[in-house]
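Coordinate inspection notes
Here is what each chain is made of, one letter per residue.
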Amino acid sequence: MTATDRSQELITVAAQAAADKLAHDIIAFDVSEVLSITDAFLIASANNDRQVRSIAEEIEDQLREQLDIKPVRREGEREGRWILLDYLDIVVHVQHSEERSFYSLDRLWKDCPELPLPADALASRNRPEGVVTDAAGNAVAEDEH
């Protein structure tokens, strides 16, 4: 069994939303063969807690606006280090870069097939980690913050 078309649609919208808020290292895995609880994981990173929150909020907003779907569960909002959004068909992990490195979900799921992502999300894998952002997660020149 592979991820459904609906799951791929959710992943595409969520990945684009994450890329729009300058998440880095965005990747999606088809976990449908090894997990019965969901079809896919989307993982994205940010360099600070505010940006983690901003990315998660943008993903929620875009999935609600474009596909009329809300998460059934949301965890980690208070700490802002790792926010999990559970949409049943997909689970989104927005992690602070330090958590991403420590927990290494990419390594854990590396044997699962990667799902296609929008070009902006793929480009996030080459985004330097030192990108300066404002409180909303938007890129700014270093002298603007």
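Anything mentioned here points back to the structure above.
For the structure given in this document, a descriptive report is provided here.

The rules behind each value
Each chain has its residues counted from 1, following the order in which its sequence is written. With the structure being a predicted model, the display of local features is reserved for residues of pLDDT at least 70 and the display and counting of side-chain atom pairs for 80 or more, all residues being used for whole-chain, interface and lining totals. Processing note: side-chain calculations cover all non-hydrogen atoms of the structure and skip hydrogens and water entirely. Each Phe, Tyr or Trp ring (for Trp, its six-membered ring) is paired with any other whose centre lies within 6.5 Å, and the angle between the two planes then decides the class: stacked below 30 degrees, edge-to-face above 60, tilted in between. Each helix corresponds to a stretch of at least 4 residues labelled H or I by DSSP, and each strand to a stretch of at least 2 residues labelled E; elements are numbered beginning at the N terminus. Whether a residue is buried, partly exposed or exposed follows from its accessible area with a 1.4 Å probe, protein chains only, as a fraction of its type maximum: under 20%, in between, or over 50%, in that order. Any Lys or Arg side-chain nitrogen found within 4 Å of a carboxyl oxygen on Asp or Glu counts as a salt bridge.

1. Section: the packing of aromatic side chains
Counted under the stated rule, the structure contains three aromatic pairs. Relative to Trp109, the ring of Phe41 lies with its centre 5.1 Å away and its plane at 85°, an arrangement referred to as edge-to-face. Taken together, the residues span a long stretch of sequence, with Phe41 in strand β2 (residues 40–46) and Trp109 in the loop between α4 (105–108) and α5 (119–123) at a distance of 68 residues. Residues Phe41 and Trp109 agree in their burial class; the two are buried. The interplanar angle of 55° and the centroid separation of 5.0 Å between the aromatic rings of Trp82 and Tyr103 together place this pair among those described as tilted.

2. Observations concerning the pattern of salt bridges
Per the stated rule, a full pass over the model turns up 12 salt bridges. For Glu77, the salt bridge identified is with Arg53, shortest N-O distance 4.0 Å. Taken together, the positions of Glu77 in the loop between β3 (73–75) and β4 (82–86) and Arg53 in helix α2 (residues 49–67) put the pair 24 residues apart, joining distant regions of the chain. Where Glu99 meets Arg81, a salt bridge forms, and the shortest distance between an N and an O atom there is 2.9 Å. Of the two residues, Glu99 sits in helix α3 (residues 97–103) while Arg81 sits in the loop between β3 and β4, which places them 18 residues apart along the sequence. Relative accessible area serves as the criterion here: at 23%, Arg81 is assigned to the partly exposed category. Each of Asp49, Arg81, Glu98 and Glu99 takes part in salt bridges that share partners, so that together they form one network.

Geometric descriptors of this kind do not, in isolation, establish any biological role.
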